[in-house]
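# Structure at a glance
As a plain string of letters, each chain reads:
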Amino acid sequence: MRSKWSLLVAVLALSTGLVAVPAEASAVRTSVTKVTASPARQTTDCPASVGFSAIVNVGGRGVVRYRWVRADGTKSAVKTLRTRGPKRVTVRDRQVFDGDAKGWQAVQIIGARPILSQKARFTVACSGRDPVYTPIHPLPGGAASERIRTAVSVKAAPSSYAGTCPAKVTFTAQLQVSRVPAQVAYQWIDSAGGEGPIRYANFTGSRSRTLSTTATVTESTTGWKAVRVLRPDVNVSSRAVYGVTCDTGPVVATPSIDPGTFWNSGECPVTVRFTGKVTVSKVPATVAYEWVSDQGVKGPSGTLKFTGQPGALAVTPYDYRTQAKGSATLKVLSPAAEPVTTWFGVICQDGNPAGGYGQVNEVEFAGNWADMCGPQKSLRAKGTVRAASGPATITYEWMINGSPVGITDSATSTGTDPWYQDVINLGLQAHHAVSGSLALKIHNDGNISPTVNYGTACADADHDIFLVHTVPDANPFCGSNAWVKNRAYFTANEFTGTAGYQLIRKASGGQWQPIGTPATATFTGKPGERLFVNLPWPATQTEAGQFKLALTHGGQTYETTPLSYTVTCPA
């Protein structure tokens, strides 16, 4: 005999005793009769299930709250009956046992004086174990002349959880049939809720289906779910057991300030806006906060109320007027928490009397020589700042895809002649994008340089060829001698040979057309060899469209990401 299992669920005794409920136990006079377990005794292969039922007699209009209680001390969820007059209601429960079990289950009417019904006693004796079939060990198929057999197994994820609540536990069942087509009637069985509604699963091509359901747990508890098959045969899975331990510690409130532009420019004083949020570890929670600058200037303050789920709520933005660099701090006043601070700079715009402007000159990816066609290690770019006269100080910032990257510096000339100066080289680590755009913003007047777009492609990882394709914006002039200059960079690692390339253009609403004649890039086998080519095309009319570069190697063609362009001819 198998060792006896402690009962998560026992049920209704075979007796049919009548329990009268005092007035204070319920809103109406209530009794419970015919409390039964079915089957009361069984010797069978396990897992096995036992069904329980009882009749609740309600004497008038009102609300009756009840639950099932069990010999092992566990209880079902509390359930409610609402009646508008005398009524007899059959209530049910079902439990699954993975081993030998003996116990009872009864109905408890909840009120000022809880009343317990007669007990329905049961015994489960396991004569063996049903085979466990899984996707790895599937149910054997059957002939068309044989009755359809089923198998079901259930898992809980996570099976054990400790942390903030509510928590979600997902139950996944694998339901199998011996042949198709087939329709299976089944129901979920829950340690607290008993049997669920009958559902149907249809099988056509495959003999296996995955079923799932999710439970939201709001307090520390243990429990299980199982699946019971009602047709075409009768079958029940083992319990998928789970345990949830809810964190009952104090609320932890964590403030954070949203990322923004470090340098802020404009006519001084400049208004710098800060936004942020507060995240709590559990609910319900009430959090008081305030903003303050490094000069002690207090900003908005308020109270956030958290309900439903733990998470984050936004605080009131802080608009701070200043003409000097500094910092802003978001403080949580209660419950106590570490404040968070962000730093900022201010550039007072002078209207850019020197006529300073930025220009992106070069874009490239730093290849990963061990895996040329894998994610590139970094994106690099070079540029210059130019001005028509001096003395002047031009403050600039790198922009990627229209947003600042937080790299800002100044270029200065003390002379009076036109001048230029290289800017800080841009280097973004682990930048894996295959296309995008770069520009330089001049803070003196807020102007942004012509955008340089870039696209990439990898051709033949076995030969380590990597291509970077850059396309600057078209200059806004046209004519017989006007050209738009596109540039491309090819990078190879210890590769000797050639690769053909061709620039392709598509005007809006048109078809892809080659520009110029095909050309060839020749590689000499050097480590990290890099080739640079110009790809000009004539600008004769106002138009918009896309570019891409095709690279031919080893009988295959590889193309960069298409990039947009615009040409605007003056009126």
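Note that the coordinates shown come from a computational prediction; the quantities given were computed from them, not determined experimentally.

### Topic: the sheet that holds strand E30 (residues 340-348)
- Spatially, the five strands line up as an open sheet ordered E22-E30-E29-E25-E26, and their pairing is mixed. Every interior strand has two partners, whereas the edge strands, strand E22 (263-266) and strand E26 (298-306), have only one. For this sheet, the mean angle separating the axes of adjacent strands, direction not counted, is 25°.
- Where strand E25 (residues 285-293) and strand E29 (residues 326-334) come together, six bridges link them in antiparallel fashion. Pairing of Val292 across the sheet is with Thr329, part of E29.

### Overview of the pairing of strand E42 (residues 513-524)
- Direction of pairing for strand E41 (residues 496-507) relative to E42: antiparallel, over a ladder of nine bridges. In the strand pairing of E42, Thr498 is matched with Thr522.
- The hairpin formed by E41 and E42 contains five residues between the paired strands, and Gly509 there has a positive phi angle of roughly 85°.

### Comments concerning the packing of aromatic side chains
- Evaluated as defined, the whole model comprises 13 aromatic pairs.
- Judged by centre distance (5.7 Å) and plane angle (75°), the rings of Phe52 and Phe122 are edge-to-face. Pair noted here: Phe52 is in strand E4 (residues 48-58) and Phe122 is in strand E10 (residues 120-129), with a separation of 70 residues, a long-range link.
- When the centroid spacing of 5.5 Å and the interplanar angle of 70° are considered together, the rings of Phe171 and Tyr242 count as edge-to-face. With a gap of 71 residues between them, Phe171 in strand E13 (residues 167-177) and Tyr242 in strand E20 (residues 240-246) connect regions that are remote in the sequence.
- Taken together, the ring pairs in this structure connect Phe274, Trp291, Tyr318, Tyr320 and Phe344 into an aromatic cluster.
- Here the basic side chain of Lys225 rests over the ring of Phe171, its NZ or CZ set 5.6 Å away from the ring centre.
- A cation over an aromatic ring shows up here: Lys548 above the ring of Trp512, its NZ or CZ 4.3 Å from the ring centre.

### Quick word on the nonpolar core
- Ranked by size, the top nonpolar core spans 26 residues in total, and within it Phe171, Leu175, Trp188 and Val244 carry the most contacts.
- Within the residue set of this core, elements represented by two or more residues are strand E11 (150-157), E13, strand E14 (182-190), strand E16 (199-203), strand E17 (208-217), strand E18 (221-231) and E20.
- Sorting elements by how many residues they give to this core places E13 first, with six residues.

### A look at the environment of Thr210
- Along the chain, Thr210 falls in strand E17.
- In this structure, the C-alpha to C-alpha distance between Thr210 and Ala173, residues 37 residues apart in sequence, is 5.7 Å.
- Once residues within four sequence positions are removed from consideration, Thr210 is found in contact with Thr172, Ala173 and Gln174.
- Of note is the side chain of Thr210, whose polar atom sits 3.2 Å from the side chain of Gln174.

### Overview of the sheet that holds strand E21 (residues 253-257)
- Overall, antiparallel pairing links the three strands, which are arranged E21-E24-E27 in an open sheet. Both outer strands of the open sheet, E21 and strand E27 (312-314), are each paired with one neighbouring strand and no more. Strand-to-strand twist of the sheet, defined as the mean angle between neighbouring strand axes without regard to direction, takes the value 25°.
- Two strands pair when backbone bridges link them, and strand E24 (residues 276-280) and E27 are joined in this way by three bridges, in the antiparallel orientation. From the neighbouring strand, Lys277 faces E27, where its bridge partner is Ala314.

### Observations regarding the pattern of salt bridges
- Within the structure shown, the criterion is met by nine salt bridges.
- Among the salt bridges present, the one from Arg70 reaches Asp93, with a minimum N-O distance of 3.1 Å. With Arg70 in strand E5 (residues 61-70) and Asp93 in strand E7 (residues 87-97), the pair connects residues that are 23 residues apart, well separated along the chain.
- Overall, Arg70 belongs to the buried group, its relative accessible area being 4%.
- For Arg94, the salt bridge goes to Glu195, with nearest N and O atoms at 3.0 Å. Linking Arg94 in strand E7 with Glu195 in strand E15 (residues 194-195), this pair joins segments that are 101 residues apart in sequence.
- Its relative accessible area of 11% is what places Arg94 among the buried residues.

### Remarks on the state of the cysteines
- Within the structure shown, the criterion is met by two disulfides.
- Shown here is the disulfide that connects Cys46 with Cys126, its sulfur atoms set 1.9 Å apart. Between Cys46 and Cys126 the disulfide shows an S-S torsion of about -85°. By sign, it is left-handed. Of this pair, Cys46 sits in strand E3 (residues 41-46) while Cys126 sits in strand E10, and the two are 80 residues apart along the sequence. Each member of the pair, Cys46 together with Cys126, is buried.

### Some details on the layout of surface pockets
- Taken as a whole, the largest pocket encloses approximately 640 Å³ of empty space.
- Lining the largest pocket are 32 residues, with Ala77, Asp190, Ala192, Gly193 and Tyr242 positioned closest to its centre.
- Listed by contribution, the elements that provide at least two residues to the lining of the largest pocket are E5, E14, E15, E17 and E18.
- A breakdown of the residues in the lining of the largest pocket according to their chemical character gives ten nonpolar, 14 polar and eight charged.

Rules of the game
Residues numbered from 1 in each chain as written. Predicted model: local features only at pLDDT ≥ 70, side-chain atom pairs only at ≥ 80, totals over all residues. Heavy atoms only, no water. Pairing = 2+ DSSP bridges. Helix = DSSP H or I, 4+ residues; strand = E, 2+ residues; numbered from the N terminus. Axes fitted to C-alpha atoms, helices over the stretch in contact; angles between N-to-C directions. Phe/Tyr/Trp six-rings, centres within 6.5 Å; stacked < 30°, edge-to-face > 60°. Lys NZ or Arg CZ within 6 Å of the ring centre and 35° of its normal. Core = buried A, V, L, I, M, F, W, Y, C linked by side-chain atoms within 4.5 Å. Buried < 20%, exposed > 50% of the residue type's maximum accessible area, 1.4 Å probe, protein only. Contact = heavy atoms within 4.5 Å. Polar contact = N/O pair within 3.5 Å; in protein donor to acceptor, adjacent residues only side chain to side chain. Salt bridge = Lys/Arg side-chain N within 4 Å of Asp/Glu carboxyl O. Disulfide = S-S within 2.5 Å. 1 Å grid on protein atoms, 1.4 Å probe; cavity = no way out; pocket = protein on both sides within 12 Å on 5 of 7 lines; lining within 4 Å. Points joined across faces, edges and corners; volume = space filled by probe spheres on them. Nonpolar A, V, L, I, M, F, W, Y, C, P; charged D, E, K, R; others polar.

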